[in-house]
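Each chain is listed here by its residues.
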Amino acid sequence: MSDYNESLGNQPRTSSRQNSQILYSTREKEFVELHEQVQTSVNLLDSLESFLSTFQKDLTAVSGQISELQDRSKDIDNRLKSRRKIEKPLSNLINDIVIPPSLATLILDSKVDESWLPAIEDFERHLEVIKARSKVKAARDLGEVVEGLRIVAATKLRVFFLSLFQPIRNSVTTNMQVMQTSILIKYQPLFAFLQRQAVPVAHEIQRSYVGAARVYYETGFRRYARSLGYIKARTTEKFETIVNEAEKLDNAPVDVVRLSNAQFDGPSVTLAYMADDKTHKEYVEALYRSLLLVFMDNATAEYTFVKMFFTVEATLPSLDSQKSLLSPSSLLSPTDRLSNAGSDYGGRSRATSLTIAGALDSAAAVAREEQINVDGIWKQVFDPVLEYVQTFVKTIIEPPPPVISLLTMIRLTEHVVTEIENRACPPCVTFMFGLRLQMWPIFQKLMNENIEVLKKLAEGSGGGYFSRAATVTEATVRSMCLRYLRLFTAFVILTEKEDETMIFSNLLRMRQEIEKLIQRCTGHTSDAVARATAQSAFYEILLRGLHKGVQSVAHPKSQHEIAYWARLEEEAKRKIISVQQARTRR
């Protein structure tokens, strides 16, 4: 049984092996192919491993190259930023130093006209930049070309300005103010260019203008003063003391129209052609007013022109320094800028204050120098005119005119001085002060003479028209009162200030002498009532005259004068009443 079982067990095992052999034998080709495929795959994997190894090495090399490219890219980017940073200043530098062909053509081939105004300013900017960039080779290369253009421009401008001055030199009928304001001032930037870039030519033009203007004003004022002299010779009015004045003027009112010659808005100015009319006459103060107003208008207009035309800035306004390639700040690295900022921080306040003070002193010095220069040019032009005005004034005050006329001229002089100060013409103000100082002593002398003759008349020592009278008559006193009233009213109209010592101190002295004269005239009467009545009559004449002066009655001094004589009249009336009452009681 055991052998049988064993045989049964071996039988399937043998059968299975046989089956396997059959299976392998039948699929042997497939297994070989599979083996070959596996071997191929292994070979491929070996190749892939080799390739990957090579690729890794190549990738490492590429990574190094990329890193290097990144570094180079950063360097190029930094260089690009630096180039972009200097691109605009470099472009500005090129634009500054390169003269446009159109500008050069304009200077070389065209005549001077309004088109030169912007062109010459543009050219001067180029010129200044090239001078400032002398260390730059390109600027040095352009130096000779620019210098040639500068010489050509200066030559043409010289001829242009000298031709403009010819009408002023050739004819006194040329309208100087129109020439100055419409033509010369318009071309002042061209002269400013010469003043900065061609100083000798600018000085020649200045001398030429001064010569032409001097001849123009000298000729005009000589003719005008001569015409006024002809008219003045037709009037024989001169100063006479209050005692010697003509009796026909006693009742004549104050000539307000004549007093208006002390104001700007007075009568019309006397023109030169009026002298041709042999019958035309003017009061001396009217002639003085005409001369003074003509002088003031011409002198102040000329000073304003001289100041505007010949006062030139030392430098042309510069271009923005931040745009300049060679500006100090553009050449500093950020570290240097921080370093400089830190070093300045501690002492900036003190340095700033010192800089401001120095700038103010420098500006004041420049202003004084400009003032001296302008004053000098004006005096060169107007010296002959000042002499003609001074000579004409001497003919007016020697011999002296009537005292009212003299005060009228003094007031006009003061108003003219104020106006000239407003128009800012210092040398003209100085000249006018000189005229005023000449007149005041003469005025005081005339007032002293008036007071002295009144004093002699009141004391009975005589003098003048009434010197032969043994006693002072009522007619004499009445004439003196009327003449005093006319003098007082005219002085008050001509005097705006209440505290005018020179005027009212003289009037006070004259009033005292008039009062003494009244006392002397009435003192010869033994009857107290008649004496007081006569005094009251004289006071009444004075009061009526003071109240007639409508234009002067509101003046504080007129009020004081009225109050003074009213008090004396009231005292005289009281005395009359008291004496009459005393007689009635007897």
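Data block above holds the structure.
Conventions and cut-offs
One numbering rule holds for all chains: residues counted from 1, following each sequence as written. Local features in this predicted model are restricted to residues whose pLDDT is 70 or higher, and side-chain atom pairs enter the listing and the counts only when it is 80 or higher, whereas totals over whole chains, interfaces and linings include all residues. Working from all heavy atoms in the structure, the side-chain values ignore hydrogens and water. Under the scheme used here, helices are H or I runs from DSSP no shorter than 4 residues and strands are E runs no shorter than 2 residues, and both carry numbers assigned from the N terminus. In what follows, a contact means two residues having at least one pair of non-hydrogen atoms within 4.5 Å. Residue exposure ignores everything except the shown protein chains as possible cover, and the areas themselves are Shrake-Rupley values with a 1.4 Å probe. What counts as a salt bridge is simple: a side-chain nitrogen of Lys or Arg found within 4 Å of a carboxyl oxygen of Asp or Glu. A 1.4 Å probe rolled over the protein chains alone gives each residue an accessible area, and that area as a share of the maximum for its type sets the label: buried under 20%, exposed over 50%, partly exposed in between. Only buried residues count toward a nonpolar core, which is a set of Ala, Val, Leu, Ile, Met, Phe, Trp, Tyr and Cys residues joined through side-chain atoms within 4.5 Å. Expected helix span is computed as 1.5 Å times (number of residues minus one). In this analysis the local bend is the angle between axes fitted, respectively, to the seven residues ending at and the seven residues starting at the residue. The axes are straight lines fitted to the C-alpha atoms, using for helices just the contacting stretch, and the angles between their N-to-C directions are given from 0 to 180°. Roughly parallel means an angle under 35 degrees; roughly antiparallel means over 145; roughly perpendicular covers 65 to 115; every other angle is labelled oblique. Left-handed describes a crossing whose near helix is turned anticlockwise from the far helix through less than a right angle; right-handed describes the clockwise counterpart. Planes of paired rings set the category: under 30 degrees apart is stacked, over 60 is edge-to-face and the rest tilted, where pairs are Phe, Tyr or Trp rings (Trp by its six-membered ring) whose centres lie within 6.5 Å. Any Lys NZ or Arg CZ found within 6 Å of a ring centre and within 35 degrees of that ring's normal is scored as a charge over the ring.

## Focus on the overall build of the protein chain
So, step 1. Within the protein chain one finds 18 helices and zero strands.
So, step 2. Within the protein chain, residue pairs in contact and separated by at least 24 positions form 82% of the contacts whose partners lie at least 6 positions apart.
So, step 3. In the form shown here, the protein chain has an accessible surface area of approximately 34000 Å², with 55% of it arising from carbon and sulfur atoms.

## As for the pattern of salt bridges
So, step 1. Evaluation of the coordinates by the stated rule reveals 19 salt bridges.
So, step 2. Measuring nitrogen to oxygen at the nearest pair gives 2.9 Å for the salt bridge that ties Arg-411 to Glu-414. On the criterion of helical spacing, the pair formed by Arg-411 and Glu-414 is a turn pair, its members being three residues apart in helix α13 (residues 403-422). You'll find Arg-411 and Glu-414 in the same group, each marked buried.
So, step 3. With a shortest N-O distance of 3.6 Å, Glu-500 and Arg-411 are connected by a salt bridge.

## Regarding unusual backbone geometry
So, step 1. With omega at -5°, the peptide bond leading from Glu-398 into Pro-399 counts as cis.
So, step 2. Despite not being glycine, Ala-424 shows a phi value in the positive range, around 60°.
So, step 3. When you line up the elements, Ala-424 lands in the loop between α13 and α14 (426-459).

## Brief notes about the nonpolar core
So, step 1. In terms of nonpolar packing, the biggest core is built from 141 residues, with Phe-123, Phe-161, Leu-190, Leu-194, Phe-295, Phe-443 and Trp-565 touching the most fellow members.
So, step 2. With 15 residues, α14 is the largest single contributor of residues to this core.
So, step 3. Filtering out sequence-adjacent residues up to four positions away, Trp-565 remains in contact with Tyr-484, Arg-511, Ile-514, Glu-515, Ile-518, Tyr-539, Leu-542, Leu-543 and Leu-546.
So, step 4. Membership of the second largest hydrophobic core comes to five residues, among which are Ala-528, Val-529, Ala-532 and Val-579.

## Notes on helix α5 (residues 137-170)
So, step 1. For α5, built from 34 residues, the straight-helix expectation of 50 Å at 1.5 Å per residue is met to within 8% by its first-to-last C-alpha distance of 50 Å.
So, step 2. At Gly-143, α5 shows its largest kink, close to 40°.
So, step 3. Inspection of α5 places Ala-139, Val-146, Leu-149, Arg-150, Ala-153, Ala-154, Leu-157, Phe-160, Phe-161, Leu-164, Phe-165 and Ile-168 among the buried residues, and these make up the whole buried set.

## Observations concerning the packing of helix α6 (residues 176-184) against helix α10 (residues 284-310)
Describing two packed helices takes the angle between their axes plus the distance from one axis to the other.
So, step 1. Packing of α6 against α10 leaves a shortest axis separation of 11 Å and a crossing angle of 20°. Here α10 runs roughly parallel to α6, going by the angle between their axes. Handedness of the crossing formed by α6 with α10: left-handed. Counting all contacts with α6, which are made through Met-176, Gln-177, Gln-180 and Leu-184, the residues of α10 involved are Asn-298, Ala-301, Glu-302, Phe-305 and Phe-309.

## What to know about the side chain of Asn-298
So, step 1. Within the fold, Asn-298 resides in helix α10.
So, step 2. Judged by its relative accessible area of 17%, Asn-298 is buried.
So, step 3. Here Asn-298 is in contact with Gln-177, Tyr-217, Phe-221 and Phe-382, once residues within four sequence places are set aside.

## As for the packing of aromatic side chains
So, step 1. The full count for this structure, using the stated rule, is 26 aromatic pairs.
So, step 2. Centre to centre, the rings of Phe-160 and Tyr-187 are 4.9 Å apart; their planes meet at 75°, and the pair counts as edge-to-face. Of this pair, Phe-160 sits in helix α5 while Tyr-187 sits in the loop between α6 and α7 (188-197); the two residues are 27 residues apart in sequence, bridging distant segments of the chain. Just as Phe-160 is buried, Tyr-187 falls in that class too.
So, step 3. Ring plane angle 80° and centroid distance 5.3 Å describe the contact between Tyr-564 and Trp-565, whose orientation is recorded as edge-to-face.
So, step 4. By relative accessible area, which is 0% here, Trp-565 ends up buried.
So, step 5. Against the face of Tyr-283 rests Arg-258, its NZ or CZ located 3.7 Å from the ring centre.
So, step 6. Against the face of Phe-504 rests Lys-557, its NZ or CZ located 5.2 Å from the ring centre.

It is worth stressing that arrangement in space is one thing and function is another; only the former is reported here.
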